[in-house]
Structure formats: structure tokens, C-alpha cells
Amino acid sequence: MSDRQYAPLSGMPLPPTSSSDKLDTVQSYENEPTPTYFEKSYSYDKYMSEFPRAPGSPSNSSQVELLSQFAESNSHQTLEELQLQSATGFGAGLVCLCAETLVGYPFIVLRRQCQVNVWCKAADLSPWLMLKAIYQIQKGQGIAALWKGFTCHMMMEGLQLSTDSCISHVTDLPKELPSVSEGPAKIIGYLTLKTVSTIATLPILSAVLLDTVQSESARADSATPMSCLKDAIYRFTGSGSSYQYRLLLPVHQLIIPTVVYTVTWDLVGHMVHSAVLKLCKIRQNTKQSDKDSKRKNGVTESIWPELLAGTVHCFVADFSLLPLELIMNRLHLQGTRAIVDNVLDAQSVIPYQASYNNVQQCVEALIDSEGVPSFWKGCSALLLQYTTRFAVVHTVRVLLKYLHHFSDRPSLMPNDSATSLEK
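What you see is a predicted model, and the numbers here were worked out from it, not measured in a lab. (Residues numbered from 1 in each chain as written. Predicted model: local features only at pLDDT ≥ 70, side-chain atom pairs only at ≥ 80, totals over all residues. Heavy atoms only, no water.)

Is there a simple way to explain the packing of aromatic side chains in this structure?
For the structure shown, the criterion picks out 5 aromatic pairs. Between W304 and F390 the ring centres are 6.5 Å apart and the planes differ by 70°, which places this aromatic pair in the edge-to-face class. Note that W304 is positioned in helix α13 (residues 298–320) and F390 in helix α16 (residues 379–407), a separation of 86 residues in sequence. Using a relative accessible area of 9% as the deciding quantity, one classes W304 as buried. (Phe/Tyr/Trp six-rings, centres within 6.5 Å; stacked < 30°, edge-to-face > 60°. Helix = DSSP H or I, 4+ residues; strand = E, 2+ residues; numbered from the N terminus. Buried < 20%, exposed > 50% of the residue type's maximum accessible area, 1.4 Å probe, protein only.)

I'm lost on the confidence of the model for the protein chain in this one. Help?
Close inspection of predicted coordinates is inappropriate in any region flagged by low pLDDT. Mean pLDDT over the protein chain: 75, with 68% of residues reaching 70 or higher. Looking at the elements of the protein chain, mean pLDDT is at its lowest for helix α2 (residues 37–41), recorded as 40, and at its highest for helix α14 (residues 322–333), recorded as 94. With pLDDT under 50 throughout, residues 291–296 is counted as low confidence; its partners more than four residues away or in other chains account for 11 contacts. Low pLDDT (under 50) marks residues 411–423, which in the prediction has 1 contact with non-local residues, meaning those over four places away or in another chain. (pLDDT = per-residue confidence, 0-100. Contact = heavy atoms within 4.5 Å.)

I keep staring at the environment of S222 and nothing clicks. Help me out?
Following the sequence through the fold, S222 ends up in the loop between α9 (202–213) and α10 (225–237). Residue classification places S222 among the exposed residues on the basis of a relative accessible area of 54%. Spatially, the C-alpha atoms of S222 and K148 are 8.4 Å apart, while their sequence positions differ by 74 residues.

In this structure, what is going on with helix α8 (residues 184–200)? I would like to understand it.
Each turn of an α-helix holds 3.6 residues, which means side chains three or four residues apart point in the same direction. An ideal rise of 1.5 Å per residue puts 24 Å on 17 residues; α8 measures up with 24 Å between its terminal C-alpha atoms. Buried within α8 we find G189, Y190, L193, K194, S197 and T198. Considered in projection along α8, the buried side chains sweep an arc of 165° and stay on one side of the axis. Set apart from the buried face of α8 by more than 90 degrees, the exposed residues are P184, A185 and I188. (Expected span 1.5 Å × (residues − 1). Arc of directions from axis to C-beta.)

Got a minute to help me understand the side chain of S168 in this structure?
Considering the arrangement of structural elements, one finds S168 in helix α7 (residues 150–171). The buried category is assigned to S168, whose relative accessible area is 15%. When neighbours within four sequence positions are excluded, S168 is seen to be in contact with L173, P174, K175 and L193.

Can you help me understand the environment of A365 in this one?
Looking at where A365 falls in the secondary structure, it is placed in helix α15 (residues 359–370). Exposure remark for A365: the relative accessible area of 27% places this residue in the partly exposed category. In this structure the C-alpha to C-alpha distance between A365 and A354, which are 11 residues apart in sequence, comes to 9.7 Å. If sequence neighbours within four positions are ignored, A365 has contacts with Y356 and E370.

Put into C-alpha cells, the structure is as follows:
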């Protein structure tokens, strides 16, 4: 192999000049190993890098091991089948994200309204009461009242992703949480990026929270992205705001609780996401012992762990950090004189009035006036939100199984059909 001569421009081997050289060339070609399908037409590393990540996943590093096992077990498949599975995974994740956002947003509105309601107790806010409140609100204010501030909420999500990408592009900091094996420097860089991104979008978060909880019956104009940006600029500059009052907290006092909540949410979500993927991998290894069963449910079983992990890690993070979210929302909305719907009867409105100077005073006031269970206000709405979200994810899984089973049905060849007609 080392003595073979190549043309200087084309890189092709030169023809042998003698019979002995010809014999050596033929033997060298015969001794070369036959390349596999992946070596000929598709690189495994390229396959791993182009495999789409399902929405809701905090990091790609937690699913590399699962994807590598799936790729190895399906190495016999063609390139078209692998591309179809990748497109199916991306499409299923996108459908779940859109459905979860649209279906779950009314429960986010109710949860935030419960958190700023100082007149009710946590024990009074049952799931049945939340369903009754949804019916009464849409009956009295219209179906659009349950999706108030939705455009501003989506604008906020897009701005956060854009800010993370811009900071990562300028500073080369990772915009996804690295694994522990990559070293503490990468993790610190990620936490720095999230801190700077959260501070940059903090005024917009305050404006979005106000548009979410403000009752439609007490709103002069409908909330739009332009009005949200306008209130965010007023909140950042501290002048000219339409809701600038004496009790309005300055932006710098909101940095610590907001950053702590955002960073902690990402850390908890990443750990839970990795744990769920590992459990799904162990379950698949136990359930599927041969390659035939792996191939039979390859598409569904490769997508389902990511969809399940995305739902579970969001629920665990939201549920465990519910008290911190309540404190953060109350500090952001203090001094705005927000008028919220009374979820106890869903027919009247109540003002949100608070006078906290810092996080410590907010915690002490909650314990003294409303009790320790008040930190879990909005828990019923959270449970309903993730019940509907899990139902959406499970529906997508059932549809994938049905479509995969329908596509694998054996079709009659022309000879077979002719034979059956003759019989």
C-alpha cells in the first residue's frame, strides 16, 4: 500500500508498469477491508452532530450515550431511514412544544394570579376551583382572556434565546449546560452566560408578568409586544412609566432573586433530564433483548425518552422552585397596582398591594400574614398544566406508534397480487 504511486493532480493510482507490479496491486486491493455503509455514504460523527435535539432539553451531552446506542443498533438501516427518523424526531418535538405552549398557557396565567392573590389561602385553591375559574373567566371575559399576554410571553422566550446566542457568539461561552466531565470552567462559563442574559432581559420579564396577571376587565388597551417593550424601557430607566409609583422596586433589587431562580431552574432541570434519560435507557435495555425488537420500535423508542425527559424535568423544576417563583413574581409586580381576577369566584377583581423592601421581608410577611402553605399557591394550576402536557406527549407517542406500524405493514408485490387473484 505504501509503494503505490498516485497521479499528482487527480489522486488516482497510476497503472502498473509490469506484471509483477500488477500482481502486487491486485493483491493489495483484495486485502483492503470492505467499507461499511456508514463509511461509504454517511459519517457516524456527522450523524450524531446533525441529530436534532427535542425542545425542552437543557443539553445535548446528556443524550449522546442514548443516541450512540440507537445508531449502533440501527447501523443496518439506509441513509433515507436515518434521515426520516431524524425528521420525525424534530417534527414530534416541535408539535409537542407548540401544543404544550398553547394548551398550558391558561394554567400559567392562573398560577401567577394565584401567587399574587393575598386574600386567599393555598388550601382554597383546589384543582376543581381552577377548572371552575377557567370556565367563569372565559364566560365573562371571553376565551381570549385565558391567553392574555401570550404574544408578549412568546416574545420574551425568543429574546432570551437570542440573547443567549449573541452572548455565546461574542464571548465563546457555552449556551447549553456542559457535563461534569468537561470541567468546572465550562460550567462556570455557562452560569455566567445565563446570569448576563437574565439581567439583560429582566425589565422585559417585569412587563410580561404584568401583562399576564392584569385582568381584561381592568385593562384600558390590549397588551401588544410594542407596549410590552415600552413598559420594559420605562421600568429600566425608572422614568415615564405608566405604572411608576412609590412602592415600585428598582431593577437592581430584582437581579438576585431573578438570577437565582433562572440558574437554579436550569441546574435542576438538567439533572432531572439526565436521570430520566438514563432510566429510559436501562428500561429499554431490559425490555428489548434482541435487535429485531429494537428495530421494530426504533423510531418511537428513540423519540419517547426525549419527550418524556423534557416534560418531567420541567415539572420537577417548576414544582420544586414554586416558592421562589412566588417571591420573584411578587417583587416584580410590587408597585404596579395590578388588578387581577379573583380566582375564588372568578367574577370579581382585586388589587395587588404589597410593600416589600427585599426578599427577606417578603418571606417574613408571607409567613406571618398568610402562613407557610402560602408559598405553594398556584400548585393546583401547575398540576393541571403538566397533566395536559403529559397527555399531549402521550398522544404524540401513540400517533407515532400507529404511523410506524402502518408504514411497516407488508404490501403485496405485483406477482403476489396476481397469484392471489388467480386463486
